[in-house]
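Observations on the model geometry
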Amino acid sequence: MRLDPLTADTPPEIPQARQRLNSRLLFGTQNEIVIEHQGDEYRLRITSNGKLILTK
């Protein structure tokens, strides 16, 4: 097995952990928030059953 000389001394990439946010921090006392993404607005709301729904 031959090692590629360009990558032989390069350490393997370590995957980064995903950022985790508690929904209570996002919503506070509200049931709906607006998220702006690439110039568009999305609404994220908590349903009466405690589920999350994202709509454009």
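These remarks concern the structure in this document. As the structure is a prediction and not an experimental result, all values here were calculated from the model.

1. Comments concerning the sheet that holds strand β1 (residues 32-37)
- Strand order across the open sheet formed by three strands is β1-β2-β3, with antiparallel pairing between neighbours. Each end of this open sheet is capped by a strand with a single partner; those strands are β1 and β3 (52-55). Neighbour-to-neighbour, the strand axes of this sheet turn through a mean angle of 25°, independent of strand direction.

2. Re the pattern of salt bridges
- All told, the structure shown has two salt bridges when counted by the stated rule.
- A salt bridge links Glu-32 to Arg-43, with the nearest nitrogen and oxygen atoms 3.5 Å apart. Here the residue Glu-32 occupies a position in strand β1, and Arg-43 occupies one in strand β2 (residues 40-46), the gap between them amounting to eleven residues.
- What makes Arg-43 partly exposed here is its relative accessible area of 37%.

3. Considerations on the pairing of β3
- Examined bridge by bridge, β2 and β3 share four bridges and lie antiparallel to one another. Its bridge partner being in β3, Arg-45 is matched across the sheet by Ile-53.
- The antiparallel hairpin formed by β2 and β3 contains five residues in its connecting segment, where Gly-50 sits at a positive phi of about 85°.

Criteria and thresholds
- Residues numbered from 1 in each chain as written.
- Predicted model: local features only at pLDDT ≥ 70, side-chain atom pairs only at ≥ 80, totals over all residues.
- Heavy atoms only, no water.
- Pairing = 2+ DSSP bridges.
- Helix = DSSP H or I, 4+ residues; strand = E, 2+ residues; numbered from the N terminus.
- Axes fitted to C-alpha atoms, helices over the stretch in contact; angles between N-to-C directions.
- Salt bridge = Lys/Arg side-chain N within 4 Å of Asp/Glu carboxyl O.
- Buried < 20%, exposed > 50% of the residue type's maximum accessible area, 1.4 Å probe, protein only.

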